[in-house]
Amino acid sequence: MATITFLRHAPLALKNQKCYNGHIDLEIDSSLVDFKQIETIQKQKYDLVYSSDLKRCTQTLDLLGFSYKKDERLREVKFKDEFEGKSFDEISKMSIYDEKYLSSFESWHEFIAQESIEEYKQRVNSFLNELPKNSDILVCSHGGTIKLIHSILTNTEYEQSRYSISYLETLKFDI
């Protein structure tokens, strides 16, 4: 049996929080890091550590002092270029925005994302299916991706899941 701990990366600059940050490569803001959380995570021992290849994850693991393997399949969903890095407020003021997109998860996702939810699930599932079965593993990724993994491992529809994870928070699964 494998134990997998999922870690959401450290905080971004305040101006980048609560934005649609998919594949945009942002840095963490170390002035916002809770170093007590860092110390708690550092006390854990892992056989393997994986990271999204984006800076906000690799910088988090560098801060922790962990060696890791990068994997782009752990990235957040890919948003359309015109929405990457934008807040909902900014998007709602764009000429292409229409409230009808808020009528369902599917219509909002189709409007905002370049990557379909099915493509996103397939990408993340391909990573999960390749994990060793008898290891203690740490995976540093993004809020949406960890929510997707949670929905996959609990057999819950992504859009039905109320699960969310804060910066530097962990989620542990035995699989």
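Everything here concerns the structure above.
Just so it is clear, the structure is predicted and the values come from calculations on it, not from any experiment.

Each value, and the rule that gives it
Residues numbered from 1 in each chain as written. Predicted model: local features only at pLDDT ≥ 70, side-chain atom pairs only at ≥ 80, totals over all residues. Heavy atoms only, no water. Pairing = 2+ DSSP bridges. Helix = DSSP H or I, 4+ residues; strand = E, 2+ residues; numbered from the N terminus.

A. Molecular detail of the sheet that holds strand β3 (residues 69–70). Taken in spatial order, the five strands line up as β3-β2-β4-β1-β5 in an open sheet, and their pairing is mixed. Edge positions in the open sheet fall to β3 and β5 (170–174), since each of these has one partner strand only. In terms of strand pairing, strand β1 (residues 3–8) meets strand β4 (residues 136–141) through six bridges, oriented parallel. Bridge pairing in β4 links I4 to I137.

B. Here's a closer look at unusual backbone geometry. Despite not being glycine, K18 has its phi angle at roughly 60°, a positive value. The topology assignment puts K18 in the loop between β1 and α1 (35–42). Even without being a glycine, N155 presents a positive backbone phi close to 55°. Relative to the elements of secondary structure, N155 occurs in the loop between α6 (143–153) and β5.

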